[in-house]
Amino acid sequence: GLEKRVTLPDRPERQRMKRRDESLREEEELRAAGSELGELVAKLRTEHGGRAVRRVRQLHRLYLDYPTEALRETIRDALNYGLTDLVRLERMLLK
């Protein structure tokens, strides 16, 4: 184009969301809880990228609600099949 667009000098600079590269508190807690949980967090991050926050927090709720050893065993089975759907994982945990 002609590059003739001009903004007023007193107009504030447009604010953009800053990308946070640090990990979540919940994510650090899950990684410390066991290798299976850390592996699932890594898979969720690669599959969903920056939108994985909701899923990591959902996994953290599962971690808080259910016995850790049962959860780790269920995650181990799920990862063997490549399953990362947390709703299905919770259903497996309840059986």
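Please refer to the structure placed before this passage.
Residues numbered from 1 in each chain as written. Predicted model: local features only at pLDDT ≥ 70, side-chain atom pairs only at ≥ 80, totals over all residues. Heavy atoms only, no water.

1. What about the pattern of salt bridges?
- In total, this model carries seven salt bridges according to the counting rule given.
- Notably, a salt bridge pairs Arg 25 with Glu 29, separated by 3.8 Å at the nearest N-O pair. Pair noted here: Arg 25 and Glu 29 are both in helix 1 (residues 25–33), with a separation of four residues, about one helical turn.
- For Arg 25, a relative accessible area of 57% translates into the label exposed.
- Using a relative accessible area of 30% as the deciding quantity, one classes Glu 29 as partly exposed.
- A salt bridge links Arg 57 to Glu 26, with the shortest nitrogen-to-oxygen separation between them at 3.4 Å. (Salt bridge = Lys/Arg side-chain N within 4 Å of Asp/Glu carboxyl O. Helix = DSSP H or I, 4+ residues; strand = E, 2+ residues; numbered from the N terminus. Buried < 20%, exposed > 50% of the residue type's maximum accessible area, 1.4 Å probe, protein only.)

This is a description of form; function is not addressed.
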